[in-house]
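Descriptive structure summary
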Amino acid sequence: MSVTTDSIVEKRLLVTGAAGFIGANFCHYWLQQHPRATLIALDALTYAGNRHNLEGLEQHSGFRFVQGDINDALLVERVMTDHHLNVIVHFAAESHVDRSIHDPDAFIQTNILGTHNLLRIARAVWLDGPQGWIPHRFHHISTDEVYGTLGPQDPAFHEETPYAPNSPYAASKAGADHLVRAYRHTYGLSTTTSNCSNNYGPYHFPEKLIPLIIVNILHNKPLPIYGDGRQIRDWLYVEDHCRGIATILEQGREGESYNIGGCNEWANIDIVRLIGEIMDELFAEDPRWLQAFPHSAAAQGRKSADLIQHVRDRPGHDRRYAIDATKITRELGFKPAVDFPTGIRQTIRWYLEHPQWWQKIMDGSYREWLDVQYGALKA
Ligand code: NAD
Ligand code: TYD
(Lines give C-alpha, C1' and ligand atoms only; values in the text may rest on other atoms or scores of the structure.)
(Ligands and ions follow the chains in the order given, each with its own letter.)
Protein backbone atom coordinates (compact mmCIF):
# COMPACT_ATOMS: atom_id res chain seq x y z
CA MET A 1 0.00 0.00 0.00
CA SER A 2 1.29 3.51 -0.82
CA VAL A 3 2.44 5.80 1.97
CA THR A 4 2.02 9.02 0.00
CA THR A 5 0.04 9.68 -3.19
CA ASP A 6 3.33 9.61 -5.18
CA SER A 7 2.45 6.16 -6.51
CA ILE A 8 -0.61 7.67 -8.22
CA VAL A 9 0.98 8.49 -11.55
CA GLU A 10 -1.76 10.90 -12.55
CA LYS A 11 -4.12 12.27 -9.92
CA ARG A 12 -7.68 12.30 -11.28
CA LEU A 13 -9.87 14.13 -8.81
CA LEU A 14 -13.48 13.93 -7.70
CA VAL A 15 -14.14 17.12 -5.73
CA THR A 16 -17.40 16.96 -3.76
CA GLY A 17 -19.07 20.19 -2.63
CA ALA A 18 -17.12 21.89 -5.41
CA ALA A 19 -19.63 24.73 -5.87
CA GLY A 20 -19.45 25.80 -2.22
CA PHE A 21 -17.10 28.31 -0.64
CA ILE A 22 -13.94 26.27 -0.03
CA GLY A 23 -14.61 23.63 -2.69
CA ALA A 24 -14.81 26.28 -5.42
CA ASN A 25 -11.67 28.02 -4.20
CA PHE A 26 -9.94 24.64 -4.21
CA CYS A 27 -11.01 23.87 -7.82
CA HIS A 28 -9.64 27.25 -8.98
CA TYR A 29 -6.42 26.68 -7.06
CA TRP A 30 -5.86 23.10 -8.24
CA LEU A 31 -6.50 23.87 -11.92
CA GLN A 32 -4.26 26.93 -11.74
CA GLN A 33 -1.48 24.65 -10.46
CA HIS A 34 -2.35 21.71 -12.77
CA PRO A 35 -4.08 23.20 -15.82
CA ARG A 36 -4.39 19.86 -17.63
CA ALA A 37 -5.58 17.83 -14.66
CA THR A 38 -8.80 15.83 -14.60
CA LEU A 39 -11.13 17.32 -12.02
CA ILE A 40 -14.79 16.34 -11.76
CA ALA A 41 -16.72 18.81 -9.64
CA LEU A 42 -19.73 17.18 -7.98
CA ASP A 43 -22.26 19.31 -6.15
CA ALA A 44 -25.96 19.03 -5.28
CA LEU A 45 -26.32 22.84 -5.52
CA THR A 46 -28.10 23.20 -2.18
CA TYR A 47 -28.80 26.77 -1.01
CA ALA A 48 -25.04 27.08 -0.34
CA GLY A 49 -23.87 25.78 -3.73
CA ASN A 50 -23.47 28.22 -6.57
CA ARG A 51 -22.60 27.23 -10.12
CA HIS A 52 -21.20 30.75 -10.72
CA ASN A 53 -18.40 29.98 -8.23
CA LEU A 54 -16.87 27.71 -10.86
CA GLU A 55 -17.08 30.15 -13.77
CA GLY A 56 -13.96 30.20 -15.92
CA LEU A 57 -12.98 26.60 -15.22
CA GLU A 58 -14.63 25.23 -18.39
CA GLN A 59 -11.53 26.37 -20.29
CA HIS A 60 -9.69 23.41 -18.73
CA SER A 61 -10.24 20.33 -20.86
CA GLY A 62 -10.15 18.03 -17.81
CA PHE A 63 -12.84 19.93 -15.89
CA ARG A 64 -16.45 18.77 -15.72
CA PHE A 65 -19.31 19.84 -13.47
CA VAL A 66 -21.84 17.22 -12.39
CA GLN A 67 -24.90 18.22 -10.42
CA GLY A 68 -25.72 15.48 -7.95
CA ASP A 69 -26.00 14.32 -4.38
CA ILE A 70 -23.19 12.41 -2.65
CA ASN A 71 -25.95 10.10 -1.38
CA ASP A 72 -26.75 9.04 -4.95
CA ALA A 73 -24.72 5.83 -5.09
CA LEU A 74 -25.36 5.04 -8.75
CA LEU A 75 -24.36 8.49 -9.89
CA VAL A 76 -21.20 8.64 -7.77
CA GLU A 77 -20.08 5.18 -8.88
CA ARG A 78 -20.71 6.02 -12.53
CA VAL A 79 -18.74 9.27 -12.28
CA MET A 80 -15.86 7.48 -10.54
CA THR A 81 -15.61 4.67 -13.08
CA ASP A 82 -16.38 6.67 -16.26
CA HIS A 83 -13.56 9.12 -15.51
CA HIS A 84 -11.16 6.62 -13.86
CA LEU A 85 -10.94 8.82 -10.78
CA ASN A 86 -8.35 7.87 -8.18
CA VAL A 87 -8.54 10.74 -5.65
CA ILE A 88 -11.57 12.05 -3.77
CA VAL A 89 -11.34 15.46 -2.09
CA HIS A 90 -14.46 15.51 0.03
CA PHE A 91 -15.81 18.98 0.91
CA ALA A 92 -19.56 18.40 0.51
CA ALA A 93 -21.35 19.14 3.75
CA GLU A 94 -23.98 21.15 5.48
CA SER A 95 -21.68 23.69 7.08
CA HIS A 96 -23.55 26.29 9.13
CA VAL A 97 -23.72 25.80 12.90
CA ASP A 98 -26.87 27.94 13.34
CA ARG A 99 -28.76 25.89 10.77
CA SER A 100 -27.64 22.70 12.49
CA ILE A 101 -29.20 23.99 15.71
CA HIS A 102 -32.53 24.81 14.02
CA ASP A 103 -32.73 21.71 11.85
CA PRO A 104 -30.07 19.02 12.28
CA ASP A 105 -31.56 16.39 9.92
CA ALA A 106 -29.80 17.51 6.74
CA PHE A 107 -26.50 17.47 8.65
CA ILE A 108 -26.86 13.80 9.50
CA GLN A 109 -28.02 13.02 5.97
CA THR A 110 -25.16 14.70 4.14
CA ASN A 111 -22.29 14.83 6.60
CA ILE A 112 -22.61 11.32 8.03
CA LEU A 113 -24.66 9.24 5.58
CA GLY A 114 -23.28 11.05 2.53
CA THR A 115 -19.70 10.55 3.67
CA HIS A 116 -20.44 6.91 4.35
CA ASN A 117 -21.87 6.51 0.85
CA LEU A 118 -18.68 7.95 -0.67
CA LEU A 119 -16.51 5.66 1.46
CA ARG A 120 -18.59 2.63 0.44
CA ILE A 121 -18.20 3.45 -3.25
CA ALA A 122 -14.50 4.25 -2.89
CA ARG A 123 -14.04 0.83 -1.32
CA ALA A 124 -16.03 -0.92 -4.05
CA VAL A 125 -14.19 0.84 -6.89
CA TRP A 126 -10.64 1.10 -5.53
CA LEU A 127 -10.30 -2.00 -3.36
CA ASP A 128 -12.78 -4.52 -4.71
CA GLY A 129 -13.19 -3.51 -8.38
CA PRO A 130 -12.45 -5.75 -11.40
CA GLN A 131 -8.73 -4.81 -11.26
CA GLY A 132 -8.46 -5.44 -7.51
CA TRP A 133 -6.61 -2.81 -5.45
CA ILE A 134 -5.67 0.31 -7.37
CA PRO A 135 -3.62 3.29 -6.10
CA HIS A 136 -5.98 5.88 -4.63
CA ARG A 137 -6.52 8.47 -1.91
CA PHE A 138 -9.62 9.62 -0.05
CA HIS A 139 -8.98 13.06 1.46
CA HIS A 140 -11.60 14.17 3.94
CA ILE A 141 -12.08 17.85 4.81
CA SER A 142 -12.97 18.33 8.43
CA THR A 143 -13.04 21.11 10.97
CA ASP A 144 -11.48 22.17 14.28
CA GLU A 145 -15.01 22.20 15.74
CA VAL A 146 -14.82 18.42 16.33
CA TYR A 147 -12.46 19.13 19.25
CA GLY A 148 -15.03 21.17 21.19
CA THR A 149 -14.22 24.40 22.97
CA LEU A 150 -11.17 25.90 24.72
CA GLY A 151 -10.74 28.04 27.81
CA PRO A 152 -8.72 31.27 27.48
CA GLN A 153 -5.46 29.66 28.69
CA ASP A 154 -5.87 26.19 27.17
CA PRO A 155 -3.30 25.00 24.64
CA ALA A 156 -4.52 24.99 21.02
CA PHE A 157 -6.10 21.88 19.48
CA HIS A 158 -3.56 19.37 18.15
CA GLU A 159 -4.14 16.13 16.24
CA GLU A 160 -4.28 14.07 19.45
CA THR A 161 -6.82 16.32 21.22
CA PRO A 162 -9.81 14.11 22.11
CA TYR A 163 -12.95 14.76 20.10
CA ALA A 164 -15.70 16.61 22.02
CA PRO A 165 -18.11 18.09 19.44
CA ASN A 166 -20.72 20.44 20.88
CA SER A 167 -23.10 21.40 18.03
CA PRO A 168 -25.05 19.05 15.75
CA TYR A 169 -22.79 20.33 12.93
CA ALA A 170 -19.61 19.47 14.84
CA ALA A 171 -21.02 16.09 15.90
CA SER A 172 -21.90 15.22 12.30
CA LYS A 173 -18.39 16.14 11.13
CA ALA A 174 -16.88 14.09 13.98
CA GLY A 175 -19.04 11.13 12.92
CA ALA A 176 -17.74 11.47 9.37
CA ASP A 177 -14.11 11.66 10.59
CA HIS A 178 -14.59 8.44 12.56
CA LEU A 179 -16.05 6.66 9.53
CA VAL A 180 -13.05 7.68 7.42
CA ARG A 181 -10.73 6.34 10.10
CA ALA A 182 -12.72 3.09 10.36
CA TYR A 183 -12.68 2.48 6.58
CA ARG A 184 -8.91 2.74 6.62
CA HIS A 185 -8.48 0.57 9.70
CA THR A 186 -10.97 -2.11 8.67
CA TYR A 187 -10.76 -2.25 4.87
CA GLY A 188 -7.39 -0.64 4.10
CA LEU A 189 -8.78 2.38 2.26
CA SER A 190 -5.98 4.93 1.79
CA THR A 191 -7.14 8.09 3.58
CA THR A 192 -6.01 11.43 4.95
CA THR A 193 -8.01 14.00 6.92
CA SER A 194 -7.46 17.70 7.54
CA ASN A 195 -9.08 19.63 10.39
CA CYS A 196 -9.07 23.33 9.62
CA SER A 197 -10.00 26.49 11.50
CA ASN A 198 -12.47 29.16 10.27
CA ASN A 199 -11.85 30.23 6.66
CA TYR A 200 -12.58 33.59 5.04
CA GLY A 201 -12.23 34.92 1.49
CA PRO A 202 -14.06 35.10 -1.86
CA TYR A 203 -17.29 33.09 -2.44
CA HIS A 204 -18.01 32.87 1.31
CA PHE A 205 -21.78 32.52 1.70
CA PRO A 206 -23.18 35.60 3.51
CA GLU A 207 -24.73 33.65 6.39
CA LYS A 208 -21.27 33.27 7.99
CA LEU A 209 -19.86 36.03 10.18
CA ILE A 210 -17.37 37.85 7.93
CA PRO A 211 -19.39 38.06 4.67
CA LEU A 212 -22.60 38.74 6.63
CA ILE A 213 -20.99 41.75 8.31
CA ILE A 214 -19.63 43.11 5.00
CA VAL A 215 -22.96 42.74 3.22
CA ASN A 216 -24.97 44.18 6.13
CA ILE A 217 -22.71 47.25 6.24
CA LEU A 218 -23.43 47.69 2.53
CA HIS A 219 -27.17 47.62 3.35
CA ASN A 220 -26.96 49.79 6.50
CA LYS A 221 -28.40 46.81 8.42
CA PRO A 222 -27.66 45.79 12.03
CA LEU A 223 -24.48 43.79 12.66
CA PRO A 224 -25.62 40.98 14.96
CA ILE A 225 -23.11 39.98 17.64
CA TYR A 226 -24.08 36.84 19.52
CA GLY A 227 -23.85 37.31 23.30
CA ASP A 228 -20.88 39.35 24.50
CA GLY A 229 -18.93 38.88 21.24
CA ARG A 230 -15.82 37.70 23.13
CA GLN A 231 -15.90 34.24 21.48
CA ILE A 232 -12.64 33.53 19.69
CA ARG A 233 -12.01 31.96 16.29
CA ASP A 234 -8.72 31.27 14.46
CA TRP A 235 -9.11 32.72 10.94
CA LEU A 236 -7.32 31.44 7.84
CA TYR A 237 -7.43 32.86 4.31
CA VAL A 238 -9.18 30.29 2.12
CA GLU A 239 -6.40 30.07 -0.46
CA ASP A 240 -4.02 29.04 2.29
CA HIS A 241 -6.42 26.27 3.26
CA CYS A 242 -6.49 25.11 -0.39
CA ARG A 243 -2.70 25.13 -0.54
CA GLY A 244 -2.60 23.12 2.69
CA ILE A 245 -4.96 20.52 1.21
CA ALA A 246 -2.90 20.34 -1.99
CA THR A 247 0.25 19.85 0.11
CA ILE A 248 -1.40 16.93 1.91
CA LEU A 249 -2.53 15.41 -1.41
CA GLU A 250 1.00 15.65 -2.70
CA GLN A 251 3.08 14.74 0.34
CA GLY A 252 0.75 13.78 3.20
CA ARG A 253 1.31 10.44 4.85
CA GLU A 254 -1.47 7.95 4.30
CA GLY A 255 -3.67 7.43 7.40
CA GLU A 256 -2.66 10.74 8.99
CA SER A 257 -4.72 13.72 10.13
CA TYR A 258 -3.32 17.23 9.79
CA ASN A 259 -4.53 20.36 11.55
CA ILE A 260 -4.50 23.51 9.41
CA GLY A 261 -4.87 26.92 11.07
CA GLY A 262 -4.08 30.58 10.75
CA CYS A 263 -2.34 31.11 14.12
CA ASN A 264 -4.65 34.12 14.06
CA GLU A 265 -7.08 34.30 16.97
CA TRP A 266 -9.69 37.06 17.01
CA ALA A 267 -12.68 37.81 19.23
CA ASN A 268 -15.83 38.25 17.11
CA ILE A 269 -16.50 41.78 18.30
CA ASP A 270 -12.95 42.86 17.38
CA ILE A 271 -13.18 41.39 13.91
CA VAL A 272 -16.51 43.14 13.31
CA ARG A 273 -15.04 46.46 14.46
CA LEU A 274 -12.02 45.93 12.21
CA ILE A 275 -14.18 45.20 9.16
CA GLY A 276 -16.20 48.34 9.95
CA GLU A 277 -13.05 50.49 10.20
CA ILE A 278 -11.63 49.18 6.93
CA MET A 279 -14.90 49.73 5.11
CA ASP A 280 -15.29 53.26 6.51
CA GLU A 281 -11.74 54.01 5.31
CA LEU A 282 -12.36 52.59 1.84
CA PHE A 283 -15.55 54.62 1.43
CA ALA A 284 -13.79 57.77 2.65
CA GLU A 285 -10.87 57.26 0.25
CA ASP A 286 -12.92 56.52 -2.86
CA PRO A 287 -16.33 58.18 -3.45
CA ARG A 288 -17.05 55.65 -6.23
CA TRP A 289 -18.13 53.23 -3.51
CA LEU A 290 -20.69 55.75 -2.18
CA GLN A 291 -22.30 55.84 -5.62
CA ALA A 292 -22.10 52.08 -6.05
CA PHE A 293 -23.66 51.42 -2.64
CA PRO A 294 -26.14 54.24 -1.90
CA HIS A 295 -27.77 52.20 0.92
CA SER A 296 -24.47 51.57 2.72
CA ALA A 297 -23.74 52.86 6.22
CA ALA A 298 -21.21 55.37 4.83
CA ALA A 299 -23.59 56.69 2.15
CA GLN A 300 -26.19 57.17 4.91
CA GLY A 301 -23.65 59.17 6.92
CA ARG A 302 -23.13 56.51 9.59
CA LYS A 303 -20.04 54.82 11.00
CA SER A 304 -20.21 51.06 10.43
CA ALA A 305 -19.57 50.35 14.13
CA ASP A 306 -22.81 52.17 15.01
CA LEU A 307 -24.69 49.26 13.41
CA ILE A 308 -23.35 46.75 15.96
CA GLN A 309 -26.14 45.12 17.98
CA HIS A 310 -25.68 42.47 20.63
CA VAL A 311 -28.30 39.77 20.17
CA ARG A 312 -29.21 36.54 21.96
CA ASP A 313 -26.30 34.12 22.15
CA ARG A 314 -26.15 30.95 20.06
CA PRO A 315 -27.21 27.95 22.21
CA GLY A 316 -24.15 25.94 23.26
CA HIS A 317 -21.87 28.56 21.68
CA ASP A 318 -18.23 27.37 21.73
CA ARG A 319 -16.09 29.98 23.44
CA ARG A 320 -12.74 29.55 21.73
CA TYR A 321 -11.12 27.61 18.88
CA ALA A 322 -7.38 27.65 18.21
CA ILE A 323 -5.29 25.33 16.06
CA ASP A 324 -1.81 24.01 16.75
CA ALA A 325 -0.55 23.46 13.20
CA THR A 326 2.97 22.34 14.17
CA LYS A 327 2.58 18.91 12.55
CA ILE A 328 1.84 20.06 8.99
CA THR A 329 4.61 22.65 9.21
CA ARG A 330 7.17 20.21 10.61
CA GLU A 331 6.32 17.24 8.38
CA LEU A 332 5.22 18.89 5.13
CA GLY A 333 6.75 22.38 5.39
CA PHE A 334 3.35 24.06 5.04
CA LYS A 335 2.68 27.51 6.54
CA PRO A 336 -0.04 30.05 5.72
CA ALA A 337 1.22 32.76 3.36
CA VAL A 338 -1.48 35.45 3.60
CA ASP A 339 -1.41 37.60 6.75
CA PHE A 340 -4.72 38.73 8.20
CA PRO A 341 -4.53 42.48 7.40
CA THR A 342 -3.86 41.60 3.74
CA GLY A 343 -6.43 38.80 3.54
CA ILE A 344 -9.27 40.73 5.15
CA ARG A 345 -8.72 43.79 2.92
CA GLN A 346 -8.58 41.54 -0.15
CA THR A 347 -11.82 39.87 0.96
CA ILE A 348 -13.67 43.15 1.55
CA ARG A 349 -12.57 44.41 -1.86
CA TRP A 350 -13.79 41.19 -3.46
CA TYR A 351 -17.29 41.75 -2.02
CA LEU A 352 -17.24 45.40 -3.13
CA GLU A 353 -16.18 44.41 -6.63
CA HIS A 354 -18.61 41.47 -7.01
CA PRO A 355 -22.00 42.82 -5.88
CA GLN A 356 -23.76 40.76 -8.56
CA TRP A 357 -22.47 37.60 -6.82
CA TRP A 358 -24.02 38.30 -3.41
CA GLN A 359 -27.00 40.36 -4.61
CA LYS A 360 -28.37 37.28 -6.38
CA ILE A 361 -28.22 35.43 -3.09
CA MET A 362 -29.63 38.30 -1.02
CA ASP A 363 -32.55 38.94 -3.37
CA GLY A 364 -34.10 35.51 -2.88
CA SER A 365 -35.78 33.79 0.02
CA TYR A 366 -32.45 33.81 1.82
CA ARG A 367 -32.83 37.48 2.79
CA GLU A 368 -36.20 36.68 4.33
CA TRP A 369 -34.67 33.74 6.20
CA LEU A 370 -31.98 36.05 7.60
CA ASP A 371 -34.53 38.64 8.70
CA VAL A 372 -36.61 35.99 10.48
CA GLN A 373 -33.46 34.65 12.12
CA TYR A 374 -32.43 38.10 13.23
CA GLY A 375 -35.93 38.91 14.54
CA ALA A 376 -35.88 35.71 16.60
CA LEU A 377 -32.44 36.53 17.99
CA LYS A 378 -33.45 40.02 19.07
CA ALA A 379 -36.54 38.73 20.88
P1 NAD B 1 -20.42 25.50 1.98
O2 NAD B 1 -21.68 25.33 2.77
O3 NAD B 1 -20.07 26.84 1.43
O4 NAD B 1 -20.41 24.48 0.76
C5 NAD B 1 -20.87 23.17 0.86
C6 NAD B 1 -21.14 22.66 -0.55
O7 NAD B 1 -21.56 21.29 -0.46
C8 NAD B 1 -22.26 23.41 -1.27
O9 NAD B 1 -21.84 23.75 -2.58
C10 NAD B 1 -23.41 22.44 -1.30
O11 NAD B 1 -24.25 22.59 -2.44
C12 NAD B 1 -22.67 21.11 -1.33
N13 NAD B 1 -23.49 20.02 -0.79
C14 NAD B 1 -24.21 20.02 0.36
N15 NAD B 1 -24.84 18.84 0.49
C16 NAD B 1 -24.51 18.08 -0.58
C17 NAD B 1 -24.83 16.76 -0.98
N18 NAD B 1 -25.63 15.99 -0.26
N19 NAD B 1 -24.28 16.29 -2.11
C20 NAD B 1 -23.45 17.07 -2.87
N21 NAD B 1 -23.13 18.33 -2.54
C22 NAD B 1 -23.65 18.83 -1.40
O23 NAD B 1 -19.27 24.95 2.93
P24 NAD B 1 -17.73 25.35 3.01
O25 NAD B 1 -17.59 26.45 3.98
O26 NAD B 1 -17.19 25.48 1.65
O27 NAD B 1 -17.14 24.04 3.69
C28 NAD B 1 -16.62 22.98 2.89
C29 NAD B 1 -16.08 21.90 3.82
O30 NAD B 1 -15.07 22.44 4.66
C31 NAD B 1 -17.14 21.32 4.75
O32 NAD B 1 -16.92 19.93 4.85
C33 NAD B 1 -16.88 22.01 6.07
O34 NAD B 1 -17.26 21.20 7.15
C35 NAD B 1 -15.37 22.17 6.01
N36 NAD B 1 -14.80 23.30 6.78
C37 NAD B 1 -15.29 24.58 6.59
C38 NAD B 1 -14.71 25.64 7.28
C39 NAD B 1 -15.18 27.06 7.07
O40 NAD B 1 -14.70 27.97 7.75
N41 NAD B 1 -16.08 27.33 6.15
C42 NAD B 1 -13.66 25.40 8.16
C43 NAD B 1 -13.19 24.09 8.33
C44 NAD B 1 -13.77 23.05 7.62
P1 TYD C 1 -19.68 31.44 11.81
O2 TYD C 1 -19.15 32.30 10.72
O3 TYD C 1 -21.09 30.97 11.75
O4 TYD C 1 -18.68 30.22 11.96
P5 TYD C 1 -18.56 29.10 13.15
O6 TYD C 1 -19.80 29.11 13.96
O7 TYD C 1 -18.42 27.85 12.35
O8 TYD C 1 -17.33 29.46 13.93
O9 TYD C 1 -19.50 32.24 13.18
C10 TYD C 1 -18.24 32.73 13.59
C11 TYD C 1 -18.43 33.31 14.97
O12 TYD C 1 -19.24 34.49 14.85
C13 TYD C 1 -19.15 32.40 15.94
O14 TYD C 1 -18.59 32.58 17.23
C15 TYD C 1 -20.58 32.91 15.92
C16 TYD C 1 -20.42 34.39 15.67
N17 TYD C 1 -21.50 35.05 14.91
C18 TYD C 1 -22.07 36.23 15.40
O19 TYD C 1 -21.70 36.73 16.49
N20 TYD C 1 -23.05 36.83 14.66
C21 TYD C 1 -23.49 36.31 13.48
O22 TYD C 1 -24.42 36.89 12.86
C23 TYD C 1 -22.89 35.11 12.98
C24 TYD C 1 -23.35 34.49 11.70
C25 TYD C 1 -21.89 34.52 13.74
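Residues numbered from 1 in each chain as written. Chains lettered and ligands numbered in written order. Predicted model: local features only at pLDDT ≥ 70, side-chain atom pairs only at ≥ 80, totals over all residues. Heavy atoms only, no water.

1. Comments concerning the site of ligand 2
The test is simple: When at least one non-hydrogen atom of a residue lies within 4 Å of a molecule or strand, that residue is treated as near it. By the criterion applied in these results, polar contacts are pairs of N or O atoms within 3.5 Å in which, for protein atoms, one can donate a hydrogen and the other can accept it, and in which residues neighboring in sequence qualify only through two side-chain atoms. Only the protein chains shown count as covering a residue, and every accessible area follows the Shrake-Rupley method with a 1.4 Å probe. Going along the chain from the N terminus, every DSSP run of H or I of four or more residues is numbered as a helix, and every run of E of two or more is numbered as a strand. Residues are grouped as follows: nonpolar covers Ala, Val, Leu, Ile, Met, Phe, Trp, Tyr, Cys and Pro; charged covers Asp, Glu, Lys and Arg; every other residue, Gly included, is treated as polar.
What surrounds ligand 2 is a group of 16 residues, the closest being Glu 145, Pro 224, Arg 233, Arg 314 and His 317. At a separation of 2.6 Å, an oxygen atom of ligand 2 approaches a polar side-chain atom of Glu 145. In this structure, an oxygen atom belonging to ligand 2 sits 2.9 Å away from a main-chain N or O atom of Leu 209. Computed on the free molecule, ligand 2 has an accessible area of 510 Å², of which 96% lies beneath the protein chains in the complex. If you list the elements that add at least two residues to the shell around ligand 2, you get helix H6 (209-218) and strand S8 (223-226). Ranked by residues supplied to the shell around ligand 2, first place goes to S8 with 3 residues. For the shell around ligand 2, the per-class residue count stands at 6 nonpolar, 5 polar and 5 charged.

2. Re the UniProt feature "domain: NAD(P)-binding" (unreviewed entry) in the protein
Note the cut-off: UniProt positions are given in the numbering used here, feature names are shortened, and annotations may be inferred rather than shown by experiment.
Those residues carrying the UniProt feature "domain: NAD(P)-binding" (unreviewed entry) are residues 14-347 in this numbering. Helix makes up 40% of residues 14-347 and strand 16%, whereas the separation of the span's terminal C-alpha atoms amounts to 27 Å.

3. Focus: the UniProt feature "transmembrane region" (unreviewed entry) in the protein
Listed under "transmembrane region" (unreviewed entry) in the UniProt record, and renumbered for this structure, are residues 12-31. The span residues 12-31 carries 55% helix and 25% strand; its end-to-end C-alpha distance comes to 12 Å.

4. Concerning the packing of H6 against helix H11 (residues 340-353)
Our working rule: An axis is simply a line fitted to the C-alpha atoms; with a helix, the fit covers only the stretch in contact. Between two such axes, the angle follows the N-to-C directions and lies from 0 to 180 degrees. An angle below 35 degrees is treated as roughly parallel, one above 145 as roughly antiparallel, one from 65 to 115 as roughly perpendicular, and anything else as oblique. Each crossing is labelled by how the near helix is turned from the far one, with a counterclockwise turn of less than a right angle marking it left-handed and a clockwise turn marking it right-handed. It only takes one pair of heavy atoms within 4.5 Å for two residues to be counted as in contact.
Following both chains from N to C, one finds H6 and H11 inclined at 50 degrees, their axes separated by 11 Å at the closest point. Accordingly, the angle class assigned to the pair H6 and H11 is oblique. Remark: the crossing between H6 and H11 carries right-handed chirality. In contact with Ile 210, Pro 211, Ile 214, Val 215 and Leu 218 of H6, H11 contributes Ile 344, Thr 347, Ile 348, Tyr 351 and Leu 352. Of the residues contributing to the contact of H6 with H11, the split by class is 9 nonpolar, 1 polar and no charged.

5. Here's the deal with the sheet that holds strand S7 (residues 198-200)
Worth spelling out the cut-off: Strands are treated as partners if at least two bridges between them are detected by DSSP.
Strands sit in the order S7-S9-S11 across an open sheet of 3 strands; the sheet is mixed. For this open sheet the edge positions go to S7 and strand S11 (265-267), each flanked by a neighbour on one side alone. Averaged over all neighbouring strand pairs, the angle between strand axes comes to 50 degrees, with direction disregarded. Bridge analysis of S7 against strand S9 (residues 232-237) gives 3 bridges, and the strand direction is parallel. Paired with Tyr 200 across the bridge in S9 is Tyr 237. The strands touched by helix H7 (residues 238-251) within the sheet are S7 and S9, with S9 carrying the most contacts at an inclination of about 70 degrees.

6. Considerations on the side chain of Arg 314
The cut-off we apply is this: With a 1.4 Å probe rolled over the protein chains alone, any residue whose accessible area is under 20% of its type maximum counts as buried; one over 50% counts as exposed, and the rest are partly exposed.
Mapped onto the elements, Arg 314 comes out in the loop between strand S12 (308-311) and helix H10 (326-332). On the basis of relative accessibility, which here comes to 15%, the residue Arg 314 falls in the buried class.

7. As for the site of ligand 1
Neighbouring ligand 1 are 28 residues; Ile 22, Asp 43, Ser 95, Tyr 169 and Lys 173 lie closest to it. Gly 20 has a polar backbone atom sitting 2.9 Å from an oxygen atom of ligand 1. For ligand 1, an oxygen atom lies 2.6 Å from a polar atom in the side chain of Lys 173. Within the residue set of the shell around ligand 1, elements represented by two or more residues are helix H1 (21-33), strand S5 (137-143), helix H5 (168-187) and S7. Looking at the shell around ligand 1 residue by residue, the classes come out as 13 nonpolar, 12 polar and 3 charged.

8. Some points on the packing of helix H2 (residues 73-82) against helix H4 (residues 105-127)
It is at 10 Å that the axes of H2 and H4 come closest, and there the two elements cross at 40 degrees. The pairing of H2 with H4 is recorded here as oblique in orientation. Every pair of crossing elements has a handedness; the one defined by H2 and H4 is right-handed. For the pair H2 and H4, the contacting residues are Ala 73, Val 76, Glu 77, Met 80 and Thr 81 in the first and Asn 117, Leu 118, Arg 120, Ile 121, Ala 122, Val 125 and Trp 126 in the second. In terms of residue class, the contact of H2 with H4 is built from 8 nonpolar, 2 polar and 2 charged.

9. A closer look at the sheet that holds strand S1 (residues 12-16)
Read from one edge of the open sheet, 7 strands run S3-S2-S1-S4-S5-S6-S10, paired in parallel fashion. Only two strands of the sheet have a single partner each, and these edge strands are strand S3 (63-67) and strand S10 (257-260). Taking the axes of each pair of neighbouring strands and ignoring which way they run, one obtains an average angle of 20 degrees across the sheet. Two strands pair when backbone bridges link them, and strand S2 (residues 38-43) and S3 are joined in this way by 5 bridges, in the parallel orientation. From the neighbouring strand, Asp 43 faces S3, where its bridge partner is Gln 67. Lying on the sheet, H4 is in contact with S1, strand S4 (87-90) and S5; it crosses S5 at an angle near 165 degrees. Contacting S4, S5, strand S6 (191-196) and S10, H7 crosses the sheet at an angle of about 150 degrees to S5.

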